[in-house]
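# Close look at the chain arrangement
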There are 2 protein chains.
Amino acid sequence: KTGKVDLSHGAGGRAMAQLIGEIFAENFANDLLAQGNDQAVFSVPPGRLAMTTDGYVVSPLFFPGGNIGSLAVHGTVNDLAMAGARPLHLSASFILEEGFPLADLARIAESMGAAAREAGVKIVTGDTKVVERGKADGVFISTAGIGVVPDGLDLSGDKARPGDVILVSGTIGDHGVAIMSSRENLQFETQILSDSAALNGLVADMVAACGESLRLLRDPTRGGLAATLNEIARQSNIGVRIEEDALPVKPEVAAACELLGLDPLNVANEGKLIAFVAPEAAEKLLRVMREHPLGKDAAIIGACVDDPHHFVQMRTSFGGGRIVDWLSGEQLPRIC
Amino acid sequence: KTGKVDLSHGAGGRAMAQLIGEIFAENFANDLLAQGNDQAVFSVPPGRLAMTTDGYVVSPLFFPGGNIGSLAVHGTVNDLAMAGARPLHLSASFILEEGFPLADLARIAESMGAAAREAGVKIVTGDTKVVERGKADGVFISTAGIGVVPDGLDLSGDKARPGDVILVSGTIGDHGVAIMSSRENLQFETQILSDSAALNGLVADMVAACGESLRLLRDPTRGGLAATLNEIARQSNIGVRIEEDALPVKPEVAAACELLGLDPLNVANEGKLIAFVAPEAAEKLLRVMREHPLGKDAAIIGACVDDPHHFVQMRTSFGGGRIVDWLSGEQLPRIC
Ligand SMILES: Nc1ncnc2c1ncn2[C@@H]1O[C@H](COP(=O)(O)OP(=O)(O)OP(=O)(O)O)[C@@H](O)[C@H]1O
Ligand SMILES: Nc1ncnc2c1ncn2[C@@H]1O[C@H](COP(=O)(O)OP(=O)(O)OP(=O)(O)O)[C@@H](O)[C@H]1O
Ligand SMILES: [Mg+2]
Ligand SMILES: [Mg+2]
Ligand SMILES: [Mg+2]
Ligand SMILES: [Mg+2]
Ligand SMILES: [Mg+2]
Ligand SMILES: [Mg+2]
């Protein structure tokens, strides 16, 4: 009635049922959500399952290239895709702040529904809670997802070995810089858009072409490429060597990073992946990636070495070398 | 270092990895979480899957009989069990407020781990986000869960038909009254405890004994028994008739409801279920339920009738009748 979320929307009564029906069921519409029970029940294709979850607290909620709703679909689809899984179904839990405009909630749900359809997943079950004004920040969303992993595929962060080649699927830093620029109200000649996108299509092509040579995939989200490479070095008990000149960075992103005092290596991405692959398959994988719209700027950025210290080292553009550490601090809060 | 959550704990770097390792991985320990990838990958037994999610925003976080952590396991296990599913795995997404005491977080994670072990489920994947002080309220948790539904079992809210008998597994109102009493700092002679519990064991016994006669199960959480009966009446296109005298209510809960101006019919439960069953199996089901510790106060409370208006009507203790409506308002915010 007031056009805003109020506490009754989380109270389990008529107002909640109406909100769910009009905003969520409408935008997520599918046969499984329509069961309308405490859970969705469905058959799954044979194969192992992958399961993942992420919470989304991005600020601002709407940003160039997406919003918290599309992000909450892409992020969870991508964490499934990183296992080589075909994403099937998502759940969506909403925590709403009293007073949040229903029109904004509808826009978010609409983007979520569209992102899910585009990625080929269904939002099959959900939940809606409301907290008092000042006890949350507009909307938080947690999505979980399940997918099915093709038989014989066994990607894992501990599978990299010395000699493996490392590829990135495109330019780095776009998402984090888009968020920070919109937060700081920075204007550039070229608008910087988040790269938020579902990578399951790209991954399917990669797996089809090079499945048996792939060691692992990971999406460099919070902490950026630097954190992800360090995680994998530790998990696989190897070292990593990358080339600064090989890293794809958009000029406008590089410029914004200068201005904001950020290093693109530490900035979150939401539509990129890194792949570790056996050396003999690297060129083929690169070709396959570049044929996909989300991999057109793919590049080989480095390789794995034997290194008991698990260092990630980069040869810089000037020919020097430096350690690429992961940050210990809070450089970029609420980036996703 | 400070003993409190800070923004670095959500930033994707070392501090986050350490928090996850020391607080979550420690308490949830299992082989699938230990994979340490962006997702967990596992085989599932044959059968259809059930999937569900809930967000938890209960205030206070610690209450007589449980805390947000145990609640987040029980609630999601129960929504799976209401399909007759054997719960398998959970995901857990945490949204933490900067400044929240790490010791409290550890207590919550410990309860969660214990509740999961007790219910026979694994927390296989998680996520940790941190928002600035004042942008959340301590801790919010969203859990999702999957379970496997035995072949041939097809429970659903639209399956009730006139003549079906309605049972409740025990006393109503305990959870909501425990929360409200602790919020209002009320002291009673007998402390009122939340009934928060995992119902999958009870459900397994019910399904084993009366599977083919069961129509549906539902846990009367937010909105209480009143909301749940109204939901089902609508979904199944029937009417419901219940007997006030048949409703199990603890005397201390009844007294507290008086004092707080609540009706136990509208108060949330977190360890109770209602069952709709074919009339010929009702007595047997009651017996089986009473043999289980979580069903010892089970009772037959009413039956379904043909009613195009989907009314839920109650014969009161005084012999009169009244409509049991679901509330449209926000009587009990943040009860779960
Ligand atoms: N934001 C949402 N998007 C899509 N579906 C939703 C959303 N919120 C709730 N639902 C759906 O509405 C129905 C009722 O949800 P509800 O949360 O009331 O069930 P519950 O989890 O059994 O109860 P409670 O949350 O009180 O424990 C379910 O089918 C659920 O999947
Ligand atoms: N609260 C938690 N409890 C249990 N495990 C957790 C928790 N938070 C994170 N994890 C686990 O830690 C690992 C790293 O989680 P992280 O969230 O960094 O991965 P991601 O989702 O791929 O990255 P991002 O959240 O930045 O998208 C995963 O294996 C995840 O399951
Ligand atoms: Mg339920
Ligand atoms: Mg993720
Ligand atoms: Mg729910
Ligand atoms: Mg990831
Ligand atoms: Mg529930
Ligand atoms: Mg995560």
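Residues numbered from 1 in each chain as written. Chains lettered and ligands numbered in written order. Predicted model: local features only at pLDDT ≥ 70, side-chain atom pairs only at ≥ 80, totals over all residues. Heavy atoms only, no water.

A count of helices and strands for chain A gives 8 helices and 14 strands. Relative to its length of 336 residues, chain A is compact, with a C-alpha radius of gyration of 21 Å against a globular reference of 20 Å. In terms of overall dimensions, chain A has C-alpha extents of about 65 × 50 × 35 Å along its principal axes. Residues counted as buried form 62% of the 336 residues belonging to chain A. (Helix = DSSP H or I, 4+ residues; strand = E, 2+ residues; numbered from the N terminus. Rg over C-alpha atoms; globule rule 2.2 N^0.38 Å. Buried < 20%, exposed > 50% of the residue type's maximum accessible area, 1.4 Å probe, protein only.)

A few words now on the relation of the copies chain B and chain A. The two copies are related by a screw motion: chain B maps onto chain A through a turn of 180° and a shift of 0.0 Å along the axis, at an RMSD of 0.0 Å. Such a combination of rotation and displacement between the chain copies is what one expects of a two-fold axis. Among all residues of chain B, the minimum C-alpha distance to the rotation axis is found for B:Ala136, at 2.1 Å. A shared binding surface is used by both copies, with 100% of the interface residues of chain B retained as interface residues in chain A. (Least-squares fit on C-alpha atoms with pLDDT ≥ 70 in both. Contact = heavy atoms within 4.5 Å.)

Reference geometry at the metal: tetrahedral coordination by four donors gives ideal angles of 109.5 degrees; octahedral coordination by six donors gives 90 or 180 degrees. Ligation of the magnesium ion (ligand 6) by protein atoms is provided by A:Asp79 (OD), A:Asp219 (OD) and B:Asp38 (OD), these donors lying 2.1 to 2.4 Å from the ion. Between the magnesium ion (ligand 6) and the magnesium ion (ligand 4), the interatomic distance is 3.6 Å, and A:Asp79 donates to each metal, bridging them. On the criterion of chain membership, the pair formed by A:Asp79 in helix α2 (residues 68-81) and B:Asp38 in the loop between α1 (14-28) and β1 (40-42) is interchain, its members lying in two chains. In terms of burial, A:Asp79 and B:Asp38 fall into one category: buried. (Donors = N, O, S within 2.8 Å, 3.2 Å for Na, K, Ca; no water.)

Right, let's talk about the packing of helix α2 (residues 68-81) of chain B against helix α3 (residues 102-119) of chain B for a bit. Residue and element names in this part refer to chain B. Packing of α2 against α3 brings their axes to within 6 Å, and their N-to-C directions diverge by 30°. When the axes of α2 and α3 are compared, the pair comes out roughly parallel. For the pair α2 and α3, the sense of crossing is right-handed. Judged by residue contacts, Ile68, Gly69, Ser70, Ala72, Val73, His74 and Val77 of α2 engage Ile108, Ser111, Met112, Ala115, Ala116 and Ala119 from α3. (Axes fitted to C-alpha atoms, helices over the stretch in contact; angles between N-to-C directions. Parallel < 35°, antiparallel > 145°, perpendicular 65-115°, else oblique. Left-handed = near helix turned anticlockwise from the far one by under 90°.)

Two side chains bearing opposite charge may form a pair once their charged atoms approach each other closely. Counting across every chain of the model gives 38 salt bridges over all chains. With its nearest N and O atoms 4.0 Å apart, the salt bridge here joins A:Asp174 to A:Lys272. Remark: A:Lys272 occurs in the loop between α7 (251-260) and β11 (274-277) and A:Asp174 occurs in helix α4 (residues 174-183); sequence separation between them is 98 residues. On the basis of relative accessible area, A:Asp174 is assigned to the buried category, the value being 2%. Judged by its relative accessible area of 7%, A:Lys272 is buried. Across the salt bridge formed by B:Arg218 and B:Glu231, the nearest N and O atoms sit 2.8 Å from each other. Note that B:Arg218 is positioned in strand β9 (residues 214-218) and B:Glu231 in helix α6 (residues 224-236), a separation of 13 residues in sequence. For B:Glu231, a relative accessible area of 26% puts it in the partly exposed group. (Salt bridge = Lys/Arg side-chain N within 4 Å of Asp/Glu carboxyl O.)

Before going further, it helps to spend a moment on α1(B). Residue and element names in this part refer to chain B. Between the first and last C-alpha of α1 there are 20 Å, a value that for 15 residues agrees with the 21 Å anticipated at 1.5 Å per step. What α1 keeps buried is the set Ala15, Met16, Leu19, Ile23, Phe24, Asn27 and Phe28. In this structure, the buried side of α1 is in contact with β5 (86-97), α3 and β6 (122-131). (Expected span 1.5 Å × (residues − 1).)

Facing the 76 residues of chain B at the interface are 76 residues of chain A. Together, the buried faces of chain B and chain A total about 5,900 Å²; carbon and sulfur atoms form 55% of this surface. Taken together, chain B and chain A are joined by 10 salt bridges. Taking the shortest distance from any N to any O, the salt bridge between B:Asp127 and A:Arg222 comes out at 3.0 Å. For the pair chain B and chain A, the number of links is 42 residue pairs in polar contact (both at pLDDT 80 or more). Elements supplying a minimum of two residues to the side of chain B that touches chain A: α1, β1, β2 (48-56), β5, β6, β7 (139-149) and α6 of chain B. Its residues assigned to classes, the side of chain B that touches chain A shows 32 nonpolar, 27 polar and 17 charged. Pairing of strand β1 (residues 40-42) of chain A with β2(B) involves 3 bridges; the strand directions are antiparallel. Opposite A:Ala40, over in β2(B), you have B:Met51 as the bridge partner. (Buried area = accessible area lost by both parts, 1.4 Å probe. Polar contact = N/O pair within 3.5 Å; in protein donor to acceptor, adjacent residues only side chain to side chain. Nonpolar A, V, L, I, M, F, W, Y, C, P; charged D, E, K, R; others polar. Pairing = 2+ DSSP bridges.)

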